[in-house]
Amino acid sequence: MEAVVTSLSLPPGSRLGFGVMARINGDDYIVKFEPEKSQLEQLHSLKVNDKIIIRSHNVSYAPKYSYPIVSGEYVERDSKVIFKRVPRKGGC
């Protein structure tokens, strides 16, 4: 799905780890990542108004947050992959 980065920080008090706010089809979402240290540099290169492509298999809701939470598994900017979730060893 296509998204536009709207904020480089998550709502105050969030405990989701690293993530950004993005607008997808006119709605705001929290996009959270579980990056390896080697992937942080590319994710930190994101800027407000960047157009990105996100692939995710999970959207969740938590009463604490006003926005749905998308778990980013793959992110592409300018036709270049900047994040791809590394599968956990010994698990699914």
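Bear in mind the structure is a predicted one, so any value in this text is a computation, not a measurement. (Residues numbered from 1 in each chain as written. Predicted model: local features only at pLDDT ≥ 70, side-chain atom pairs only at ≥ 80, totals over all residues. Heavy atoms only, no water.)

1. Quick notes on the overall build of the chain
Counted only if it meets this: Numbering of helices and strands starts at the N terminus; helices are DSSP runs of H or I of at least 4 residues and strands are runs of E of at least 2. A radius of gyration in this sense is built from C-alpha atoms; the matching globule rule multiplies 2.2 Å by the number of residues raised to 0.38. Partly exposed describes any residue whose relative accessible area lies between the buried limit of under 20% and the exposed limit of over 50%, with all areas from a 1.4 Å probe on protein chains only and scaled to the type maximum. Note on contacts: a residue pair is in contact if any heavy atoms of the two residues lie within 4.5 Å. In these tables, accessible area is a Shrake-Rupley quantity obtained with a 1.4 Å probe, and a residue counts as shielded only by the protein chains included in the view. When charges are tallied, Lys and Arg are placed among the positive residues and Asp and Glu among the negative ones, while His and the ends of the chain are skipped. For charged residues, the charge sits on one atom: NZ in Lys, CZ in Arg, CG in Asp, CD in Glu.
Each helix and strand counted, the chain has 1 helix and 8 strands in total. The N-to-C order of helical and strand elements in the chain reads β-β-β-α-β-β-β-β-β. Taking 12 Å as the expected radius of gyration for a compact globule of 92 residues, we find that the chain reaches 13 Å, a close match to that expectation. Evaluated residue by residue, the chain yields a buried proportion of 37% over its 92 residues. In the chain, the share of contacts with a sequence separation of at least 24, taken over all contacts with a separation of at least 6, comes to 45%. Total accessible area on the chain stands at roughly 6200 Å², and carbon and sulfur atoms take up 49% of it. Of the side chains in the chain, 14 bear a positive and 10 a negative charge, and the two mean positions are spaced by 6 Å.

2. Section: the side chain of Ser 71
By secondary structure assignment, the location of Ser 71 is in strand 6 (residues 69–71). For Ser 71, a relative accessible area of 15% gives the class buried. Not counting residues within four places of it along the chain, the set of residues in contact with Ser 71 comprises Lys 32, Arg 55, Ser 56 and Asn 58.

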